[in-house]
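So the chains spell out like this:
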Amino acid sequence: MKNQSDITRRRWALVAVGLLILAGAGPLVVEPMAQNIRLTRTPKFERDRASAIVQAFRGLQMSLADICYAKSTEYQHSGIIYRAPCEETLDADIRADRHQTDEALGGGTSPHPSAEKSPRAAPTPASSKSTSRDHVERHQHEEPDHEHNTMIPPKEADFRGIIGHVEREVKPFSLTHAAHSKPEEALPWLRLATWINPEHEMSWVAMAFWLQRTRKGGRNPRAVEQAIELLERARALNPPQENQPFAKQGLLYMLGHLYLMEKKDYAKTIEVLEPAIKRGEADFAKLDAVQRDWLSFSFRDAVEAYRSLGQLDKAMDVAARGIVLFPDDGPLRTALRRMKNQAKGAVKPSGK
Amino acid sequence: MPVWLVAQTTFLEALRRKDVYVLLILLGIYALVATALLEGYPGDPDVQRVLFSIGLTFSFASAAILSVVLAARQVPKEIAQGTILPLLARPLTRAQFLAGKFLACWLVGVVTLWLFLLLVRLLVSPPQPFSEWLFVQTVILKTGGLAAVTAIGILLSLAVPETLNITLTLGYYFLWGLIFNIIQYGLSQSGGLVARAVGRLLYVFPHLDVLNVGRLTLSQAAPVDWALVAGLMIYAAGYAAVALLAACNLFEKRWI
């Protein structure tokens, strides 16, 4: 009996030794193969397209991130769900922010190209005169262009007669755009979206945009630094891929914009935006309308950064390159014209 | 050859079971869908790629499921039906009994895998770039993976109920690679010596995910280094042996 238990003990010891050897040697054989087949969080186009199952999982990953992003907009509107075509709040806010920047940089007198493209985002005369960002935001919500088709139609568009009238009188809804809640509430959803899909550009941009706004009222004194830190992480996670157009212009624009407007770090702005502009020029034909919009904004900020550094030649060069791609870009044209005049003014006295 | 006799009997019995019909139905559905799609989109490389990929996944998954389900049932069923008593009354040790059962369950998985892959190769042109040698390596590694997972199934069948065993083994087989990565990511974020030690300790659990290189077959033209394949096969065989040895130890102590 004792002999039997000895044998059992030896066998268990053998199992333990075997496990230890395998655990010790495991990384040597596992890692070289794991590196080849490991499913990365960031999609790898060439590798992913090879497998139908991976593609299905990628689809799920993208959808989850989109759901989180959509959820963040729900939080921003105090739980009111907007239909997809109505939900361009961030877009409108960023455009308003851009418009303000252009005004501050002296290009605001020209027609705003993005406003021409998107009537919804076109600032009203009142908002364009306004100097307060809040004012712009408030007007966006009040202006008729910003109103959308509601689930319960207004009287003029309602075929239901008295039923529609009763529903409107009871008012279990609002026909106007819901007021925004504090951006902090949406941030966790956006962070979750970027955690699930580190390539979710809109979530990174939205998160940085709303995060830097939390500095208002002293709620978060480090808001800008945190936003920059996040975008730097996003930049590291989304490097340009070979043989693919760089479709993360928004990330770099927002990062450069924060360095320019909030940190006044012009050299850093150029360091961020120059590569984006170069890639944008190379890939311009392959970029969609949204990416082109971001690129046009990057051109404007790069021009301003060079101008602030006193490098007028480079600023004019960037502006001219931008105009080649965006011939109707008013702020760029105005900036170039003014810089040319400025250069002429500088040359004239020395010519005398 | 008592081991082979047990294996042969178990194998033939497995063929009579409805699980094999499920496999045949799956094969039929795959063949039907593949033929319809190939007729509808003749020569479309994307359709071929998707069909090939689905075929590989189905074959890998069905082989693993069949092996584990069979392995989980063998010993508990023999005990429940009382057929284990006349078996062990013969000149057959418990270790030989387990080895025979393992061999049969593994072979069922291997035959399933090969049959499915044969059908895939007959129906669908492989996507380009494609390496025949890499395909062979994929099949070899998968065969090794099936041995390890079957042995784990046999081991757990002596410790936990059948349904739990199937859930645990298949859950582990399909998800451990993902879970391991998440844990390692969390540990790397926390940093420190303890985290590194825990990360290292996690290698005690077998990495059967690295024996599934179907994705490489679909995207890579060059075969993997044969030394690495050999290393991985030894790794899989090592875990199969350890699991079977642990199963023997448990079974020797088991009161029937």
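Look up: the structure comes first, before these words.
Criteria and thresholds
- Residues numbered from 1 in each chain as written.
- Chains lettered and ligands numbered in written order.
- Predicted model: local features only at pLDDT ≥ 70, side-chain atom pairs only at ≥ 80, totals over all residues.
- Heavy atoms only, no water.
- Axes fitted to C-alpha atoms, helices over the stretch in contact; angles between N-to-C directions.
- Helix = DSSP H or I, 4+ residues; strand = E, 2+ residues; numbered from the N terminus.
- Parallel < 35°, antiparallel > 145°, perpendicular 65-115°, else oblique.
- Left-handed = near helix turned anticlockwise from the far one by under 90°.
- Contact = heavy atoms within 4.5 Å.
- Nonpolar A, V, L, I, M, F, W, Y, C, P; charged D, E, K, R; others polar.
- Buried area = accessible area lost by both parts, 1.4 Å probe.
- Salt bridge = Lys/Arg side-chain N within 4 Å of Asp/Glu carboxyl O.
- Polar contact = N/O pair within 3.5 Å; in protein donor to acceptor, adjacent residues only side chain to side chain.
- Phe/Tyr/Trp six-rings, centres within 6.5 Å; stacked < 30°, edge-to-face > 60°.
- Buried < 20%, exposed > 50% of the residue type's maximum accessible area, 1.4 Å probe, protein only.

Give a detailed account of the packing of helix 9 (residues 187-196) of chain A against helix 10 (residues 201-213) of chain A, specifying residues and quantitative values.
All names here are of chain A. The N-to-C vectors of helix 9 and helix 10 enclose an angle of 150°; their axes lie 9 Å apart at closest approach. Here helix 9 lies roughly antiparallel to helix 10, going by the angle between them. Seen along the crossing, helix 9 lies across helix 10 with a hand that is left-handed. For the pair helix 9 and helix 10, the contacting residues are L187, L190, R191, A193 and T194 in the first and S203, W204, A206, M207, W210 and L211 in the second. Residues that form the contact of helix 9 with helix 10 fall into these classes: eight nonpolar, two polar and one charged.

So what's going on with the interface of chain A and chain B? Which residues, and what values?
The partner chain B presents 37 residues to the 32 residues of chain A that form the contact. For the pairing of chain A and chain B, the buried interface totals around 3200 Å² over both sides, and the portion due to carbon and sulfur atoms is 69%. Three residues, L22, M33 and I37 of chain A, lead the burial of chain A against chain B; their summed loss comes to 20% of the area buried on that side. The interface formed by chain A and chain B includes one salt bridge. A salt bridge links R11 of chain A to E252 of chain B, with the shortest nitrogen-to-oxygen separation between them at 3.7 Å. Summed over the shared surface of chain A and chain B, the result is two residue pairs in polar contact (both at pLDDT 80 or more). At the level of elements, helix 1 (2-37), helix 2 (45-48) and helix 3 (52-76) of chain A are the ones that each hand at least two residues to the side of chain A that touches chain B. Within the side of chain A that touches chain B, the residues separate by chemical class into 19 nonpolar, six polar and seven charged.

Can you explain the packing of aromatic side chains? Please cite residues and give values.
All names here are of chain B. According to the stated counting rule, one finds 21 aromatic pairs over all chains in the structure shown. Ring plane angle 45° and centroid distance 5.9 Å describe the contact between F130 and F135, whose orientation is recorded as tilted. The structure contains a cluster of three or more aromatic residues connected by ring pairs, namely Y172, W176, F180, Y203 and F205.

How would you sum up the pattern of salt bridges? Please name residues and give values.
Residues and elements named next belong to chain A. Going through the model one piece at a time under the given rule, you end up with 20 salt bridges over all chains. Ionic pairing is found between R9 and D6, a salt bridge with its closest N-O pair at 2.9 Å. Highlighted residues: R9 and D6, both in helix 1, separated by three residues, approximately one helical turn. Residue classification places D6 among the partly exposed positions, given a relative accessible area of 24%. Salt bridges here are not isolated pairs; linked through shared partners, they connect E274, E281, D317 and R321.

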